[in-house]
Amino acid sequence: MVKKIEHLEMVGITKRFPGVLSNNNVNIQIKTGEVLAILGENGAGKTTLMNILYGLYKPDAGKILLNGKQVSINSPKEAIALGIGMVHQHFMLVPTLTVCENVILGLSKSFIVDIKTATQRIREITDTYGLAINPDAYVWQLSVGEQQRVEIIKALYRGANLLILDEPTAVLTPQESKELIQLLRNMSAQGNSIIIISHKLHEVMSLSDRVTVLRDGEVCADVCTRETSQDALAQLMVGREMAPCQREGTFSPGKAVLELQEVYSQGDKGTEALTGVSLTIREGEILGIAGVSGNGQKELAEVIAGLRKLSKGKISLNGKESTKMSPANIIEQGLGYIPEDRLRVGTIPSFSIWENLILKDHHQRPFAKHLLLQNRVIMSHSSSLVEKYGIKTPTLETPTSSLSGGNIQRVILAREITRSPVALVAAYPTRGLDIGATEYLHSKLLEARSNGIGVLLISEDLEELMSLCDNIAVLYEGRVMKVIPVEEANERVLGLLMAGIAEQAS
Ligand SMILES: Nc1ncnc2c1ncn2[C@@H]1O[C@H](COP(=O)(O)OP(=O)(O)OP(=O)(O)O)[C@@H](O)[C@H]1O
Ligand SMILES: [Mg+2]
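## Here's the deal with the sheet that holds strand β8 (residues 193–197)
So, point 1. Within the open sheet, the 6 strands sit side by side as β6-β7-β8-β3-β9-β10. Their pairing is mixed. Because the sheet does not close on itself, it has two edges, and the strands there are β6 (84–87) and β10 (218–224). Neighbour to neighbour, the strand axes of the sheet diverge by 20° on average, direction disregarded.
So, point 2. In terms of strand pairing, strand β9 (residues 210–215) meets β10 through 6 bridges, oriented antiparallel. The residue bridging Val211 from the neighbouring strand is Val223, located in β10.
So, point 3. Where helix α5 (residues 144–157) meets the sheet, its contacts fall on β6 and β7 (162–166), and the angle it forms with β6 comes to roughly 170°.

## Overview of the domain arrangement of the chain
So, point 1. Structurally, the chain comprises domain 1 (7–238) and domain 2 (256–334 + 421–498).
So, point 2. Domain 1 and domain 2 are separated by 33 Å when their C-alpha centres are compared.
So, point 3. Every contact between the two is made by 11 residues of domain 1 and, on the other side, 11 residues of domain 2.
So, point 4. With 3 residues, helix α8 (residues 230–238) is the single largest residue contributor to the side of domain 1 that touches domain 2.
So, point 5. Tallied by class, the residues present in the side of domain 1 that touches domain 2 amount to 5 nonpolar, 4 polar and 2 charged.

## What about the sheet that holds strand β11 (residues 256–266)?
So, point 1. With antiparallel pairing, the 4 strands of this open sheet are ordered in space as β12-β11-β14-β15. Every interior strand has two partners, whereas the edge strands, β12 (272–282) and β15 (320–321), have only one.
So, point 2. Bridge count between β11 and strand β14 (residues 312–317): 5 bridges; the pairing is antiparallel. Residue pairing across strands places Tyr264 opposite Lys312, the latter belonging to β14.
So, point 3. The strands touched by helix α9 (residues 297–305) within the sheet are β11, β12 and β14, with β12 carrying the most contacts at an inclination of about 65°.

What counts, and at which threshold
- Along each chain, residues carry numbers from 1 onward, in the same order as the chain's sequence is written.
- The naming scheme follows written order: chains are lettered A onward, ligands numbered 1 onward.
- Residues qualify for local features only when their pLDDT is at least 70, as the model is predicted, and side-chain atom pairs are given and counted only at 80 or more; totals for whole chains, interfaces and linings, by contrast, use all residues.
- At least two bridges found by DSSP between two strands is the condition for calling them paired.
- By definition, any uninterrupted DSSP run of H or I lasting at least four residues is a helix, any uninterrupted run of E lasting at least two residues is a strand, and each is numbered from the N terminus.
- Simply put, an axis is a line fit to the C-alpha atoms, just over the touching stretch for a helix, and the angle between two N-to-C directions goes from 0 to 180 degrees.
- Note on contacts: residues are paired as contacts if their backbone-placed C-beta atoms lie within 7 Å.
- For each domain, the first and last residues come from an automatic or database assignment.
- Amino acid classes used here: Ala, Val, Leu, Ile, Met, Phe, Trp, Tyr, Cys and Pro are nonpolar; Asp, Glu, Lys and Arg are charged; the rest, including Gly, are polar.

Put into structure tokens, the structure is as follows:
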């Protein structure tokens, strides 16, 4: 039987990676029923610290005390045995198995015998915490939010009473995020402890009891949530005051750079994901795509980038039909693309930073001459991007996979924006970015707009859309409900359109 965690402490934790001091003498503590938020800029050392607690990394120095006694945690298995569970940002579920099968995977030797008892226990867990899920559903049928619930159930099933969540809401819709926050509240009310990493300060304010802020691998503040504010936390994290970006200058769009006419396309599950989408993006325009994710956004971005086939319709890029072009041709034709799935689509993880930064242009001048790579040019180009975009890395040779989540994101942004595309498709570009980087990205999108680039910005953050876009199109069940000029947009109108209600939204 797993022991109840009354009090857990990490003391003097230090962890070095080649060229990086990721955690430097870090102390954190948490009590039963408490929610501790860990805040910090991209690369501050948050994930590293939690991976140490979960037994994935061994610290170079420091100790972990559980209920006052020192413990050593050398693997996730040992962490779980002590009552510590972790939900990673990238889920580790098997899509072709059911919820129940996934939950007991790795635990039992005789799969079939256990299903009935397991289903029963899963029902108990879901009832206790108000977690809606069908144990018999296949994981591939579930939304991202539901898959996350399966990960949480998996941890609870194994007896976790301290749950670590690394940026759990980054991939959720606003509605799913609200549900998760409520669930975590229920869990802490019933005596579970929760450690949550998040870049969303309003969530941290509404959920946590205490906040530990990391900066460059060190604890720079440890405060009671009640005694602080969103602004104070932001300042602690970045060490300066933040000012939100606003769209400036008049809107004077040029010619169309990206046009979709009556585009139809199928989703992964074989159903129609886009049903007759027509959109025009012009030079110097930011067109926003609002909508609850899962209404065709992913497919929309992919058909434009040539990664998904159209079943009907036509797309033109920079005056040329691109419907049947290869992804490489589309890039040549002038498309910049910040994909939703940055790990698999946006970068080659084992490649170095510099290789990923020139990934799309390595074969041409100024990076290659007569088939020879121009090292000096490449290195100076790469190091200037690393500096401008604040990419935290020990060297340019470092493999991209060893960067922190937000820093991988910055590598893609740096590459896509500086390539000066004709049109730029940005799918949820601020996901996983800290607040400083978000602000920087916003300024970069506005700069792209003033340089005449046509930007398609897919986002679930209505505030972000309303402050950056010239026009906002609302996507609902694979079709465009309406395109409205930003002056006419407000949360009510957008909300109604996002729910598929057109009549009252005028
Ligand atoms: N396996 C690894 N190998 C080498 N360096 C690593 C490894 N894991 C983390 N690092 C480095 O440690 C530092 C902290 O990374 P970490 O992932 O903990 O940051 P984070 O605070 O979680 O950032 P983010 O908000 O971007 O997720 C980074 O500079 C990163 O490059
Ligand atoms: Mg992280």
